[in-house]
Amino acid sequence: MKTSKVLLTFDILTLMPEMFLALSDYGVTGRAFKKKIVNLNLLNPREFSTDLHKTVDDRTYGGGPGMLMMADPLVKAIEAAKKRQSSLGIKDSKVIHMTPSGKLLSHNKAKELSECKGLVIIASRYEGIDERVNNWVDEEISIGDYVLSGGELPAMTMMDCLIRQLPGVLNDDESATQDSFVNGLLDHSHFTRPEIFKEMKVPEVLLSGNHEKIRLWRLKESLKLTWRNRPDLLAEKLLTKEETRLLEEIQIEQEQDSI
Ligand code: ADE
C-alpha cells in the first residue's frame with residue numbers, strides 16, 4: 001500500500017483507549033491509518049495521576065449526583081499531548097472537549113477541523129470535567145442533542161467525519177463531494193441491481209444514460225428529501241433559480257397527491 005505524508009495527528013485523552021480500535025483498525029478510517037495519512041496517539045489520564053490508586057475522578061463541590069474528572073491528571077495529559085505534537089512539528093494543536101454542552105458538529109465545522117494539523121481530543125467520562133480544565137480547551141463540541149455515556153463514541157464520530165475529508169482517504173468511487181450536507185442538502189436516493197426488486201422498478205431516468213436528466217432528477221430528489229426530513233436546512237440555504245423552480249414543482253406535486 002502506498003504511504004503518504006501525515007495530514008492530521010490526533011492525541012486522544014481517554015480512560016478507554018481500546019475503544020479506538022474500532023476506528024483505527026476498520027474500514028475507510030482504518031485504511032487512512034494504514035496509509036499513514038492520519039496519526040493516532042492514545043493517552044490515559046490515569047497514567048498522569050500522582051495518587052497511589054491512580055484516581056482520576058472525584059465528587060462535585062456543592063453536592064449533586066455523579067463524579068467529575070479531576071483537573072490535574074487531565075491538564076498533565078493535555079500538556080504531554082501538546083508537547084508530543086510540538087515535537088512532531090505541530091505548533092498550533094487545537095484542544096477539543098467532546099461534551100453534550102458543546103457547539104453542534106456540522107459538515108462545515110468538520111471541514112474546518114480537518115484542515116488543522118494536530119488535534120488533542122478529550123473524551124471525558126462521568127459527569128464531565130472540572131471547569132478549570134477549560135482554560136486549556138479551545139473548543140467544546142457536541143455530536144447531537146442527546147447524552148452518551150462517555151466522549152469516546154462522539155470523538156470517534158467526529159474523527160471519522162474529519163478523516164474522510166482528507167485528500168487521499170477516499171478513492172474516486174467513494175468521493176466525499178457527493179455526501180449529504182456538502183451542498184446544504186441531503187443526498188438523493190440511490191439504486192443498484194437488480195433493475196426490478198419485488199415488482200419495484202428502478203426509476204426509468206436512471207437507466208436512460210441522459211446525464212442532464214439524471215442530474216436534474218437527483219437534485220429534485222435531494223430537495224424532496226430535505227424538504228420532508230430537514231426543512232431547517234432549506235430555510236438556511238440560498239437556493240439557485242433551478243432549485244427554487246424544482247422545489248415549486250415538488251410542492252405542487254405534493255398538493256396534487258394530497259387531493
Ligand atoms: N458526551 C456525551 N454525550 C455527548 C454528545 N452528545 N456529544 C459530545 N460528547 C458527548
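As the structure is a prediction and not an experimental result, all values here were calculated from the model.

Draft legend 1. Here's a closer look at the overall build of the chain. Broken down by element type, the chain carries eight helices and nine strands. Over its C-alpha atoms the chain spans a radius of gyration of 23 Å, topping by over 25% the 18 Å that the globule rule assigns to 259 residues. C-alpha extents for the chain along the principal axes are approximately 70 × 50 × 35 Å. A sequence separation of at least 24 residues applies to 76% of the contacts in the chain between residues at least 6 apart. As displayed, the chain offers around 15,800 Å² of accessible surface, 53% of which is attributable to carbon and sulfur atoms. The distance from the centre of the 35 positive side-chain charges to the centre of the 40 negative ones in the chain is 6 Å.

Draft legend 2. A look at unusual backbone geometry. A cis amide bond, omega 5 degrees, links Arg-193 with the succeeding residue Pro-194. Secondary-structure assignment places Pro-194 in the loop between α5 (152-163) and β8 (196-197). The phi dihedral of Lys-54 is positive, around 60 degrees, even though this residue is not glycine. Structurally, the position occupied by Lys-54 is in the loop between β2 (38-43) and β3 (57-59). A positive phi angle, near 80 degrees, is found at Phe-181, a position not held by glycine. Turning to its location among the elements, Phe-181 is positioned in the loop between α5 and β8. A relative accessible area of 37% places Phe-181 in the partly exposed class.

Draft legend 3. Region of interest: a nonpolar patch on the surface. Residues Tyr-146, Leu-148 and Leu-153 make up a contiguous nonpolar surface patch of roughly 290 Å² in combined accessible area. Position of Tyr-146 relative to the elements: it lies in the loop between β7 (139-142) and α5. Given the relative accessible area of 45%, Tyr-146 is considered partly exposed.

Draft legend 4. Layout of the site of the ligand. Taken together, Met-98, Thr-99, Pro-100, Ile-141, Ser-142, Ile-143, Gly-144, Tyr-146, Val-147, Leu-148, Gly-150 and Pro-154 make up all the residues around the ligand. Ile-143 places a polar main-chain atom, nitrogen or oxygen, 3.0 Å from a nitrogen atom of the ligand. Here the ligand loses 96% of its free accessible area of 260 Å² to cover by the protein chains. Elements represented by at least two residues in the shell around the ligand include exactly β5 (94-104) and β7. It is β5 that contributes the most residues to the shell around the ligand, three residues altogether. In terms of residue class, the shell around the ligand is built from eight nonpolar, four polar and no charged.

Draft legend 5. Expanded view of the packing of aromatic side chains. The final tally for this structure, using the stated rule, is one aromatic pair. Their ring planes at 50 degrees and their centres at 6.5 Å tell us that Phe-191 and Trp-217 sit as a pair that is tilted. In this pair, Phe-191 is assigned in the loop between α5 and β8 and Trp-217 in helix α6 (residues 211-229), connecting sequence segments 26 residues apart.

Draft legend 6. Just the side chain of Glu-152, in detail. Within the fold, Glu-152 resides in helix α5. For Glu-152, a relative accessible area of 0% gives the class buried. Residues in contact with Glu-152, not counting those within four places in the same chain, are Thr-14, Leu-15, Met-16, Met-19, Phe-20, Ala-123 and Arg-125.

Draft legend 7. Fine view of the sheet that holds strand β6 (residues 118-123). If you trace the five strands from one edge of the open sheet to the other, you get β2-β1-β6-β5-β7, paired in parallel fashion. With one partner strand each, in any of the chains shown, β2 and β7 form the two edges of the open sheet. The average angle at which neighbouring strand axes cross in this sheet is 30 degrees, direction not considered. Bridge analysis of strand β1 (residues 8-13) against β6 gives five bridges, and the strand direction is parallel. Counterpart to Thr-9 in the pairing with β6 is Gly-118. Its contacts with the sheet put helix α3 (residues 71-87) on β1, β2, β5 and β6, and the angle it makes with β1 is roughly 160 degrees. Helix α4 (residues 107-114) rests against β1, β5, β6 and β7 of the sheet, and its axis sits at about 135 degrees to β7.

Rules used in this analysis
Residues numbered from 1 in each chain as written. Predicted model: local features only at pLDDT ≥ 70, side-chain atom pairs only at ≥ 80, totals over all residues. Heavy atoms only, no water. Helix = DSSP H or I, 4+ residues; strand = E, 2+ residues; numbered from the N terminus. Rg over C-alpha atoms; globule rule 2.2 N^0.38 Å. Contact = heavy atoms within 4.5 Å. Areas by Shrake-Rupley, 256 points an atom, 1.4 Å probe, with all protein chains shown as cover. Lys, Arg positive; Asp, Glu negative; His and termini not counted. Charge placed at Lys NZ, Arg CZ, Asp CG, Glu CD. Buried < 20%, exposed > 50% of the residue type's maximum accessible area, 1.4 Å probe, protein only. Patch = residues over 30% accessible without salt bridge, like charges linked within 9 Å, V, L, I, M, F, W, Y side chains within 5 Å. Salt bridge = Lys/Arg side-chain N within 4 Å of Asp/Glu carboxyl O. Near = heavy atom within 4 Å. Polar contact = N/O pair within 3.5 Å; in protein donor to acceptor, adjacent residues only side chain to side chain. Nonpolar A, V, L, I, M, F, W, Y, C, P; charged D, E, K, R; others polar. Phe/Tyr/Trp six-rings, centres within 6.5 Å; stacked < 30°, edge-to-face > 60°. Pairing = 2+ DSSP bridges. Axes fitted to C-alpha atoms, helices over the stretch in contact; angles between N-to-C directions.

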